[in-house]
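Close look at the chain arrangement
Residue-level listing of the chains:
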Amino acid sequence: MGSMTLVALLMCICAGALVVRAEDPYLFFTWNVSYGTIAPLGVPQQAILINGQFPGPNINCTSNNNIVVNVFNNLDEPFLLTWHGVQHRKNSWQDGTPGTMCPILPGTNYTYHFQVKDQIGSYYYFPTTSLHRASGGFGPLRINSRLLIPVPFDEPADDYSVLMGDWYSKGHKSLKKLLDSGRSLGRPDGIQINGRSGKVGGNNMEPLFTMEPGKTYRYRFCNVGMKTSLNLRFQGHTMKLVEMEGSHTVQNVYESLDLHVGQCFSVLVTADQEPKDYYLVASSRFTKNPLTAVAVIRYTNGKAGAASPELPPPPAEKSSVGIAWSMNQFRTFRWNLTASAARPNPQGSYHYGKINITRTIRVVNSKTQVEGKLRYAINGVSHTDSETPLKLAEYFGVPQKVFKYDSIADEPATSSSKVVLVAPNVMNQTFRDFVEIILENHEKTIQTWHLDGHSFFAVAMEPGRWSPEKRKNYNLLDAVSRHTIHVFPGSWSAVMLTFDNAGMWNLRSEMWERFYLGQQLYVSVLSPARSLRDEYNLPDYTKLCGIVKDMSMPPPYTI
């Protein structure tokens, strides 16, 4: 692993992980992925556990730490983990998607090795193979600021991670059979909050977390579900938003917040109410049959008793009203221009609004039928994974044997043709270009999109169709830099970014049924210099598969 010779230096045991204090510290983890029985909705079912835990172990690290995770796959199927929101600078080899890595076969192991370079914030990991995400295998990942970098709020009394999302009582194999047969997953059966789904008045509910009166706590929320947007709120308490997907935000106060699939944020909650139990409430958004789950937050001296059965109401759910409410809330999210993130300089010192756009990519998602089976597509192309990971085919110089570049156009087809190409979907992108991506949703369901390897500025979100004159409404000053963005039905969202991270990066729907059935693509960002300054070489311990399995290694990148 190159710099892994540092292992011999100053080793110590810290919080269950091995830490090496030389240059940037190393954190070492050993994870056993296996099946186990859990009951998030009260009914026992098989799930995917990591070291016997659901959710999985918390990776608690600091900016620039090196993370080494040895994953043993004890399942009966190939398995991969992705590190959702971690940018893997120059290192898409560790991104954990089927387009960049060979899967970890049953009974074998693989050691991920990546650095959380120049990042802070709240993230999570999850499986990208098959429909494993529907059965667990996910857990929290937090990146703390270095001690010398000021944080724009006082240190909280404690720091809590909450992974919540919709949940199906069927296992991932049954759900996969549904999709493979051409059908949809249908409605989820409930909502889980850190592996539980409490009901109001439930007997002997153990507290999810405790708070000491007068103190302030940080809650990191992530929606790890399959398809459902959530609204979360604390009974009797407000939330101060402080961080969103790696960016410090303007610290507005909210009674409730919408959290869409794949998204994370941090809030501060102060224990300033009567000391007793209170409910944390998560309810579904934009669904015909609302789902609700609660968890107990307990004051340490809570002698006043149980939580009130009266829950704080959700936002308006009537379609047009609910969407307008949520869209307006999105517009209140602003980048904290004076705060430092992973580096000492203020976030606002990067003036993205003054950079010239070199390319506009306008993508439209669609639902379609191919040979009588359900598929999802982007601009008429429905992605399918190949036996050979796309990045490996590219690195070994045989991309033409696996995929064709730019099958997808920068604009959706103007004709009424509904013909969909099912093929690996790879888009070429010039290294370091500043690009505008328009995500347009003509369907009746909300979408959430994520881009690996980068963050982007979420500059606009409006109903209707996008046109160039809409740029006058962009927020070119303090849009939040993040890695996911939602798009409401009959609406569009615009993001802007510099593709400055060489590699092969997945742009995908976070609605996992849509991802599995084709609503994704890969962006190939190649450095013409083939230099180690821009991209790392393929690690020598990489598992090879497909047509490159027995090929000779290509010449390495050099300085």
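Not measured: the values here are computed from a predicted model.

About the criteria used
Residues numbered from 1 in each chain as written. Predicted model: local features only at pLDDT ≥ 70, side-chain atom pairs only at ≥ 80, totals over all residues. Heavy atoms only, no water. Phe/Tyr/Trp six-rings, centres within 6.5 Å; stacked < 30°, edge-to-face > 60°. Buried < 20%, exposed > 50% of the residue type's maximum accessible area, 1.4 Å probe, protein only. Helix = DSSP H or I, 4+ residues; strand = E, 2+ residues; numbered from the N terminus. Contact = heavy atoms within 4.5 Å. Domains from an automatic or database assignment. Buried area = accessible area lost by both parts, 1.4 Å probe. UniProt positions renumbered as here; feature names shortened; annotations may be inferred. Disulfide = S-S within 2.5 Å. Salt bridge = Lys/Arg side-chain N within 4 Å of Asp/Glu carboxyl O. Pairing = 2+ DSSP bridges. Axes fitted to C-alpha atoms, helices over the stretch in contact; angles between N-to-C directions. 1 Å grid on protein atoms, 1.4 Å probe; cavity = no way out; pocket = protein on both sides within 12 Å on 5 of 7 lines; lining within 4 Å. Points joined across faces, edges and corners; volume = space filled by probe spheres on them. Nonpolar A, V, L, I, M, F, W, Y, C, P; charged D, E, K, R; others polar.

Overview of the packing of aromatic side chains
- Counted by the stated rule, this structure contains 33 aromatic pairs.
- Pairing Tyr 110 with Tyr 112 gives two aromatic rings, centres 5.1 Å apart and planes at 90 degrees, and the pair type is edge-to-face.
- Judged by relative accessible area, Tyr 112 falls into the buried class, the value being 0%.
- A ring pair is formed by Tyr 160 and Phe 209, whose centres lie 4.0 Å apart and whose planes are at 15 degrees; its orientation type is stacked.

Examining the environment of Ile 120
- Mapped onto the elements, Ile 120 comes out in the loop between β8 (109-115) and β9 (121-127).
- For Ile 120, a relative accessible area of 4% puts it in the buried group.
- Excluding residues within four positions of it along the chain, Ile 120 makes contact with Ser 63, Ile 143, Asn 144, Ser 145, Gly 246, His 248, Ala 341 and Ala 342.

Some details on the domain arrangement of the protein
- In terms of domain boundaries, the protein breaks down into domain 1 (26-144), domain 2 (158-316) and domain 3 (352-525).
- On a C-alpha basis, the centroid separation for the pair domain 2 and domain 3 is 29 Å.
- Residue-level contacts link 21 residues of domain 2 with 18 residues of domain 3.
- Buried area between domain 2 and domain 3, both sides added, is near 1700 Å², and the carbon and sulfur share of it is 56%.

So, the UniProt feature "domain: Plastocyanin-like" (unreviewed entry) in the protein
- As annotated by UniProt and renumbered to match this structure, "domain: Plastocyanin-like" (unreviewed entry) occupies residues 33-146, 159-301 and 391-528.
- Note that residues 33-146 is 0% helix and 42% strand, and that its end C-alpha atoms are spaced 31 Å apart.
- The distance separating the terminal C-alpha atoms of residues 159-301 is 19 Å; by composition the span is 6% helix and 47% strand.

Section: the state of the cysteines
- Under the criterion given, the structure shown has two disulfides.
- Disulfide partner of Cys 102: Cys 545, at an S-S distance of 2.1 Å. On the sign convention where negative means left-handed, the S-S torsion of about -95 degrees between Cys 102 and Cys 545 marks this disulfide as left-handed. With Cys 102 in the loop between β7 (81-84) and β8 and Cys 545 in the segment after β35 (520-526), this residue pair connects regions lying 443 residues apart in the sequence. Each member of the pair, Cys 102 together with Cys 545, is buried.
- Between the sulfur of Cys 222 and that of Cys 264 lies a disulfide, 2.1 Å long from S to S. Measuring handedness by torsion sign, the sulfur bridge of Cys 222 and Cys 264 sits at about 115 degrees and is right-handed.

Overview of the pattern of salt bridges
- Per the counting criterion, the structure on display carries 24 salt bridges.
- Where Arg 133 meets Glu 510, a salt bridge forms, and the shortest distance between an N and an O atom there is 3.0 Å. In this pair, Arg 133 sits in the loop between β9 and β10 (139-144) while Glu 510 sits in the loop between β34 (503-509) and α4 (512-516), placing the two residues 377 residues apart along the sequence. Judged on exposure class, the residue Arg 133 and its partner Glu 510 are both buried.
- Asp 410 is the partner of Arg 359 in a salt bridge, and the nearest nitrogen-oxygen pair spans 2.8 Å. One end of the pair, Arg 359, is in strand β23 (residues 359-370); the other, Asp 410, is in the loop between α3 (390-395) and β26 (421-422), and 51 residues separate them in sequence.
- On the basis of relative accessibility, which here comes to 17%, the residue Arg 359 falls in the buried class.
- Assessed through its relative accessible area of 25%, Asp 410 is described here as partly exposed.

Regarding the sheet that holds β9
- Taken in spatial order, the four strands of this open sheet run β5-β10-β9-β7, and their pairing is mixed. The open sheet has two edge strands, β5 (59-62) and β7, and neither has a second partner. For this sheet the average axis-to-axis angle between neighbouring strands, irrespective of direction, equals 20 degrees.
- Direction of pairing for β7 relative to β9: antiparallel, over a ladder of four bridges. For Leu 81, the partnering residue across the bridge sits in β9 and is Pro 127.

Some details on empty space enclosed by the protein
- Enumeration according to the criterion identifies five cavities of 30 Å³ or more in this entry.
- By volume, the largest cavity amounts to about 70 Å³.
- Taken together, Trp 93, Thr 100, Met 101, Cys 102, Pro 103, Ile 104, Tyr 110, Leu 392, Leu 538, Thr 542 and Lys 543 make up the lining of the largest cavity.
- Surrounding the second largest cavity, Met 244, Asp 258, His 260, Gln 263, Phe 265, Ser 326, Gln 329, Phe 330, Phe 333, Arg 482 and His 486 form its lining.
- A per-class count over the lining of the second largest cavity returns four nonpolar, five polar and two charged.

Brief notes about the sheet that holds strand β27 (residues 426-430)
- Here five strands make up an open sheet; going across it, the order is β27-β35-β34-β29-β32 and the pairing mixed. Of all strands in the sheet, those with a lone pairing partner are β27 and β32 (484-487), marking the two edges. Each strand axis lies, on average, 20 degrees off the axis of its neighbour in the sheet, ignoring direction.
- Of the strand pairs in this sheet, strand β29 (residues 447-451) and β34 are connected by three bridges, and their pairing is antiparallel. From the neighbouring strand, His 450 faces β34, where its bridge partner is Arg 508.

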